[in-house]
Amino acid sequence: MINLIFRRFIAKWISLIKFRNIPFNNQHKLFFSALPTVGAFVTGLCLSLLFAACSSTPTVNAPNPSATSVSNSASSKATVVRFGYQKSTILLRTKGVLEKRLAPEGITIQWTEFQAGPQLLEAMNVGSIDIGPVGESPPIFAQAAGASLTYVVGTAATPASSAILVPQNSQIQKVTDLKGKRVAFQKGSSAHLLLVQALEKAGLKYTDIEPKYLAPADARAAFVKGSVDAWVIWDPFYAAAQEATKAKVLIDGTGINKQGGYYLMTRKFVTENPQTVKAILEEIKNLEEWSKQNREEVAKTLAPVLGIDLETMKKATNRRTFGLVPIDDNLINLQQGVADTYYKLKLIPKEVNVKDAVLTKEEYAAFSPKT
């Protein structure tokens, strides 16, 4: 048993190195050369924990890591759905529709917020969450790093909701002016793809700019301070920056972006909980349809939650496209094109086959709402 725990420890350590794109250097070789010593330490630690677990008194109200599912002789059904979200999809949490739908089934929702898609999928890869929405790029980088993920449904393309911003007094007037400039964006995000596509459309190469890989909050700070020349970002950060910094829009995704994002889950969760997945997707679809018809109400709901004034929130809401898109051959081909683009630019370490993260048509039919 101890040897099994030790092997799993090493496997997880290696997967994290790959997922974070850490180069396998001499320090890592030194680590593996010392495996006997490390193994002895881990073995001792595991035994200590095992004995402690057998002799200790349970702590009242302590979180139970196994509370996400209950098993019987036939199947394993989740009683907690661990849902990752971003500010761009906070409406789902704010409206509470999933809680209302799943409570009668004895299922609760555990919410965790992430700055961007790559961080969300990293959490999914290490088993911290079960489901979450991201743009088209994060799944590609995650797959390239060896993550096991599953596409469950697509979201409508919303090209006007992302843009390349420059400071109000910037001399940059067009995309070609970005040559040699410092551009901030979240690596492996939808903003990353928008930049790649905008540069290509303008006749520039990715190597013509100086990328600054920063999460949204850090990118905004750098943008305000003048440490970068441009910032590629999505709503609601985009709308908030427009209002607060009076930033100029160099170009948005209109005419460039052809696809939206995705809701992804772990394959284990999908296969073990198809009825729960079906209920979740139905509520997401209903909320998307409601939002499409009630944009002002959406803005009024989100403005205080996000700390954005109502008019700015209306601007972000009005340029968003709501709706779900089924995972079909067309969407898979578009996503494969994204993967091929990143590999061609050497931004991911290996080729990615999108179909490796796709279910069969029969499996999708079991839980997908009609769109």
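Model, not experiment: these values are computed from the prediction.

Conventions we followed
- Throughout this document, residue positions are counted from 1 along each chain, in the order its sequence is written.
- Per-residue local features are limited, in this predicted model, to residues with pLDDT of at least 70; the limit for side-chain atom pairs, both in listing and counting, is 80 or more; totals at the level of whole chains, interfaces and linings are taken over all residues.
- For the side-chain quantities, the full set of heavy atoms in the structure was used; hydrogens and water were omitted.
- Only DSSP runs of H or I with at least four residues qualify as helices, and only runs of E with at least two residues qualify as strands; both kinds are numbered from the N terminus onward.
- Relative accessible area decides the class of each residue, using a 1.4 Å probe on protein chains only: under 20% of the type maximum gives buried, over 50% gives exposed, and in between gives partly exposed.
- Exposure was quantified through the Shrake-Rupley algorithm and a 1.4 Å probe, taking into account, for residues, occlusion by the shown protein chains and nothing else.
- The convention used is that axes are lines fitted to C-alpha atoms, helices contributing only their stretch in contact, and that angles between N-to-C directions extend from 0 to 180 degrees.
- Just so you know how the angles are binned, under 35 degrees is roughly parallel, over 145 roughly antiparallel, 65 to 115 roughly perpendicular, and the rest oblique.
- The handedness criterion is simple: a crossing whose near helix is rotated anticlockwise from the far helix by less than a right angle is left-handed, and one whose near helix is rotated clockwise is right-handed.
- Contact criterion: two residues are considered in contact whenever any of their non-hydrogen atoms come within 4.5 Å of each other.
- In this count, Pro and Cys sit with the nonpolar residues alongside Ala, Val, Leu, Ile, Met, Phe, Trp and Tyr, while Asp, Glu, Lys and Arg are called charged and the others, Gly among them, polar.
- In this analysis, rings of Phe, Tyr and Trp, with Trp reduced to its six-membered ring, are considered paired at centre separations within 6.5 Å, and the interplanar angle assigns stacked below 30 degrees, edge-to-face beyond 60, and tilted for intermediate values.
- A pair of strands is considered paired only if DSSP assigns at least 2 bridges between the two.

Engineer: Account for the overall build of the protein, naming residues and giving values.
Structural biologist: Per the secondary structure count, the protein includes 16 helices and 13 strands. Sorting the 371 residues of the protein into buried and exposed places 47% on the buried side. On the protein, roughly 18,600 Å² of surface is accessible, and the fraction owed to carbon and sulfur atoms is 54%.

Engineer: Can you break down the packing of helix H9 (residues 216-225) against helix H10 (residues 237-245) residue by residue, with the values?
Structural biologist: With their axes 12 Å apart at the nearest point, H9 and H10 run at an angle of 20° to one another. Judged by the inter-axis angle, H9 sits roughly parallel to H10. Relative to H10, H9 is oriented so that their crossing is right-handed. Between H9, through Pro-216, Arg-220, Phe-223 and Val-224, and H10, the contact on the second element is made entirely by Phe-237, Ala-240, Ala-241, Ala-244 and Thr-245. Its residues assigned to classes, the contact of H9 with H10 comprises 7 nonpolar, 1 polar and 1 charged.

Engineer: I'd like a rundown of the packing of aromatic side chains, residues and numbers included.
Structural biologist: For the structure on display, the rule yields 9 aromatic pairs. The interplanar angle of 80° and the centroid separation of 5.4 Å between the aromatic rings of Phe-185 and Tyr-213 together place this pair among those described as edge-to-face. One end of the pair, Phe-185, is in strand S8 (residues 182-185); the other, Tyr-213, is in strand S9 (residues 210-213), with 28 residues separating them in the sequence. Its relative accessible area of 38% is what places Tyr-213 among the partly exposed residues. Consider the rings of Tyr-364 and Phe-367, whose centres lie 5.9 Å apart with planes at 70°: the pair is edge-to-face. Here Phe-367 and Tyr-364 lie together in helix H16 (residues 361-367), a separation of 3 residues that amounts to about one turn. According to the relative accessible area criterion, Phe-367 is buried, its value standing at 2%. Ring pairs connect the aromatic residues Phe-83, Tyr-85, Trp-111 and Tyr-263, which therefore count as one cluster.

Engineer: Account for the sheet that holds strand S11 (residues 248-252), naming residues and giving values.
Structural biologist: Here we have 5 strands laid out as an open sheet, ordered S9-S8-S10-S7-S11, and mixed in their pairing. Every other strand in the sheet has two partners, leaving S9 and S11 as the edge strands with one partner each. Neighbour-to-neighbour, the strand axes of the sheet open up by a mean angle of 30°, direction not taken into account. With 4 bridges joining them, S8 and S9 adopt parallel strand pairing. Bridge assignment links Ala-184 to a residue of S9, and that residue is Lys-212. The strands that H10 touches are strand S7 (162-166), strand S10 (230-234) and S11; relative to S10, the one it contacts most, it runs at about 130°.

Engineer: Describe unusual backbone geometry, and please don't skip the residues or the numbers.
Structural biologist: Residue Pro-236 follows Asp-235 across a cis peptide bond; omega there is 5°. In this structure, Pro-236 sits in the loop between S10 and H10. Here Lys-346, not a glycine, exhibits a phi torsion of approximately 60°, which is positive. Structurally, Lys-346 is set in the loop between helix H15 (329-344) and H16. The class for Lys-346 is exposed, based on a relative accessible area of 72%.

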